[in-house]
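Examining the three-dimensional arrangement
Each chain, letter by letter, is given below.
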Amino acid sequence: MNTQVDRRNLVPLVGLLMLLGQVMMPLGGTAQEPSYDIILRGGRVFDGAGNPWVYADIAVDDGRIAVVGSLGTISAKREIDLEGLYVMPGIIDVHSHANSGFDDEDPRARATINNLMQGITTVVIGENGSAWNRDSSIGEKAEEWSQNGIGTNAAMLVGIDSVRHQVIDNHDVTPTAEDLLEMRALVREGMEGGAFGISSALDYWDGHFTTTEEIIELAKEAADLGGFYSSHIRSEGTRSLWWVESHPSRRITHLDAVKEIIEVGRAADIPVHIMHIKSTGIPMWGKSRTATALMEKARAEGIDITADQYPYTFSNPDRTTELFKWEAYLGEDGRGLKRPERMALIKNRMTNDPVFSTQVEKDVYHEILARGGSDRMWVTEFEANPAYVGKTLEELATLRQESLFAAGKYLQLENAARILSYTMIEDDLEHYLTRDYIAPATDGGVGARTHPRAFGTFPRVLRRYVFDKQVITLPFFVRKVTMLPASILGLDNRGMIKEGYQADIMVFNPETIRDRATFDENMYSEGVEYLLINGKFAIDGGQFTGALAGEVILRR
């Protein structure tokens, strides 16, 4: 049935509606729209979950994302047109040493501008030891950083090495049952104080004394409180970093080390994470697929194993490859000595012991192989003859008309040369990058002598491996640096562009984003136009604002 409306009755109805509208309007005669602190308009927005971008506006209020959608005429205290720019959640760096800046008296150091210029809004620290010392607690360190102000958000881990040395005086001692109880109590104390998990550095001299069984016991404690286990595993190539061919202990390869951390995950029923996964040295090149096959088999069995990596084929944060390993030759006697003193002791022993000298020569050749070959080892510092800087070990041996060993001896045992080794290859790096459970991370701190990765990791992945080489897609990258690390940590309010989440937001220009740091000069990256941390601008128009907007995130 059709209903007809008498037009004579429509006029008073419209008048009534207009009157009601006037009554409901505030004084001043115009309707007030909701007002926010910030509106980012018209950017190409990635949510962090791996989805393609969509055009959307983002309203920020009181440090949180209030609205994601089309905001029309709704106003804010500040509005920014993001036409042509990409918007994504702030990057979570799951492997950082930014605490070297957080502990500085200089506010600019605490800001860790090198991280901000990459789009990093949260860092995870404590990978090689707890950020607090043995006379304090995680709560006291959190309070200190909160009062002083830090540039990014920070989450902390309990370092097994730190716990160990609070209970055991010497490195080369196996803890007793009583020691383990005390160590477990310290892990629990750190976890209850807000740590997100525990960590170890097994590849180094100090860490290699820590047994698998010891790790499992401490990991069980962390697992009970919802934590994860992160490790600089025992080997990333043909052997541990400190190990030499003549040492009587068993050689441990990268694949052995991957199997060990999987064993920890299984035995302790805990998520496990490999720090800066890589395949180093000529014998291990191409083995990245074997390593990920082990990890993927474990994941299929229900073991939550993840990893991080940095996008460079060289490591050496201290800018030198040591051809003569003091740990293996001097042991605990070498602790506390300076590099020249250690080299002098090794040289004297070689002079007085021909058998030892022959062993050292074999060890050096093994180290050259394990580091990628003499043609991939460059001299970066050499005061005795600056003309040698930039030349490879192979070139210098030819120039000096002597063996590789003799050239290495001259450079490092008799002088203080620093050598950079390109120990990895692009094929392995790119394979690791394609795995959806491996997150890019800096493994970087601050300071003049740090690795370029501390200044350029994330823009380098974007420019080189997303835009230029197209190894991975942009949505895949965004997920790997936001939602993935957030899930590793168990964060439920960061890592996505989502209403109610903390306003950690990165805005970048796809045309200009790039890394600029080299070993010669630590230059800030370019292309991050805006960076919001907890709703405050840390980067505005591509420039650091001076804000220390970070918070210490404690696991609850």
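Above this text sits the structure in question.
One structure accompanies this document, and this report is about it. (Residues numbered from 1 in each chain as written. Predicted model: local features only at pLDDT ≥ 70, side-chain atom pairs only at ≥ 80, totals over all residues. Heavy atoms only, no water.)

Once that is clear, we can look at the overall build of the protein. The helix and strand inventory of the protein stands at 19 helices and 20 strands. Reported as C-alpha extents along the three principal axes, the dimensions of the protein are approximately 115 × 55 × 50 Å. Burial analysis of the protein (556 residues in total) assigns 55% to the buried set. Partitioning the contacts of the protein with sequence separation of at least 6, the portion at a separation of at least 24 is 75%. (Helix = DSSP H or I, 4+ residues; strand = E, 2+ residues; numbered from the N terminus. Buried < 20%, exposed > 50% of the residue type's maximum accessible area, 1.4 Å probe, protein only. Contact = heavy atoms within 4.5 Å.)

Attention now goes to the sheet that holds strand β8 (residues 153–156). Strand-to-strand pairing in sheets goes through backbone hydrogen bonds, with the strands running parallel or antiparallel. The parallel open sheet is built from three strands, whose spatial order is β6-β7-β8. Every interior strand has two partners, whereas the edge strands, β6 (91–93) and β8, have only one. Looking at each pair of strands side by side, their axes are set apart by 20° on average, direction ignored. (Pairing = 2+ DSSP bridges. Axes fitted to C-alpha atoms, helices over the stretch in contact; angles between N-to-C directions.)

What follows concerns unusual backbone geometry. If a residue is not glycine, its phi is most likely negative; likewise, a peptide bond is most likely trans. Within the chain, Asp-62 stands out as a residue other than glycine whose phi angle is a positive 55°. Assessed through its relative accessible area of 67%, Asp-62 is described here as exposed. Even without glycine at this site, Gln-470 takes up a positive phi of about 55°. Mapping Gln-470 onto the fold places it in the loop between α17 (453–468) and α18 (474–481).

It is worth spelling out the packing of aromatic side chains at this point. Within the structure shown, the criterion is met by 17 aromatic pairs. Residues Phe-382 and Tyr-410 carry aromatic rings whose centres are separated by 5.8 Å and whose planes lie at 70° to one another, so their mutual orientation is edge-to-face. With Phe-382 in the loop between β14 (377–381) and α14 (393–400) and Tyr-410 in helix α15 (residues 404–413), the pair connects residues that are 28 residues apart, well separated along the chain. Counting every residue linked through ring pairs, the aromatic cluster contains Tyr-312, Phe-314, Trp-378, Tyr-422 and Phe-519. Note that Arg-342 overlies the ring of Trp-326, its terminal NZ or CZ placed 3.9 Å from the centroid. For Arg-453, the ring lying beneath its charged end belongs to Tyr-310, and the centroid distance is 4.3 Å. (Phe/Tyr/Trp six-rings, centres within 6.5 Å; stacked < 30°, edge-to-face > 60°. Lys NZ or Arg CZ within 6 Å of the ring centre and 35° of its normal.)

Applying the stated criterion across every chain, the model contains 39 salt bridges. In this structure, Arg-164 and Glu-214 form a salt bridge, with 2.7 Å as the shortest nitrogen-oxygen distance. Here Arg-164, found in helix α6 (residues 160–167), pairs with Glu-214, found in helix α8 (residues 212–224); they are 50 residues apart in sequence, far enough to count as distant. For Arg-164, a relative accessible area of 1% translates into the label buried. Overall, Glu-214 belongs to the buried group, its relative accessible area being 2%. A salt bridge links Glu-332 to Arg-335; the nearest nitrogen and oxygen atoms lie 3.1 Å apart. A residue is classified by how much of its surface remains accessible, and Glu-332, at 28% relative accessible area, is partly exposed. Linked by salt bridges that have partners in common, Arg-184, Arg-188, Glu-192, Glu-217, Lys-220 and Glu-221 make up one network. (Salt bridge = Lys/Arg side-chain N within 4 Å of Asp/Glu carboxyl O.)

So, on to the nonpolar core. Counting residues in hydrophobic clusters, the biggest one holds 86 residues, and the most contacted among them are Tyr-229 and Phe-477. A per-element tally of this core places helix α9 (residues 254–268) first, with seven residues. If sequence neighbours within four positions are ignored, Tyr-229 has contacts with Ile-160, Ile-198, Ser-199, Ser-200, Leu-202, Ile-215, Ile-261, Val-264, Ile-270, Pro-271, Val-272 and His-273. Counting 32 residues, the second largest nonpolar core, distinct from the first, contains Leu-323, Phe-382, Tyr-388 and Tyr-410. (Core = buried A, V, L, I, M, F, W, Y, C linked by side-chain atoms within 4.5 Å.)

We now examine the layout of surface pockets. Considered as a void within the structure, the second largest pocket measures approximately 330 Å³ in volume. Taken together, 18 residues form the lining of the second largest pocket, with Leu-420, Tyr-422, Thr-518, Phe-519 and Asp-520 sitting closest to its centre. Per element, the largest residue contribution to the lining of the second largest pocket is four residues, and it comes from β14. (1 Å grid on protein atoms, 1.4 Å probe; cavity = no way out; pocket = protein on both sides within 12 Å on 5 of 7 lines; lining within 4 Å. Points joined across faces, edges and corners; volume = space filled by probe spheres on them.)

Attention now goes to empty space enclosed by the protein. Rolled over the atoms, a probe with the dimensions of a water molecule shows which regions are left empty. For the structure on display, the rule yields two cavities of 30 Å³ or more. When its volume is computed, the largest cavity comes out at roughly 80 Å³. Every residue along the wall of the largest cavity is listed here: His-276, Ile-277, Lys-278, Ser-279, Gln-309, Tyr-310, Tyr-312, Met-424, Asp-428, Leu-429 and Tyr-432. Counting residues per element, the lining of the largest cavity draws most heavily on helix α16 (residues 426–433), at three residues. Broken down by class, the residue content of the lining of the largest cavity amounts to six nonpolar, three polar and two charged. In this structure, the second largest cavity spans a volume of roughly 40 Å³. Taken together, Pro-89, Gly-90, Ile-92, Thr-121, Thr-122, Arg-494, Gly-495, Met-496, Gln-502 and Asp-504 form the lining of the second largest cavity. Tallied by class, residues from the lining of the second largest cavity come to three nonpolar, five polar and two charged. (Nonpolar A, V, L, I, M, F, W, Y, C, P; charged D, E, K, R; others polar.)

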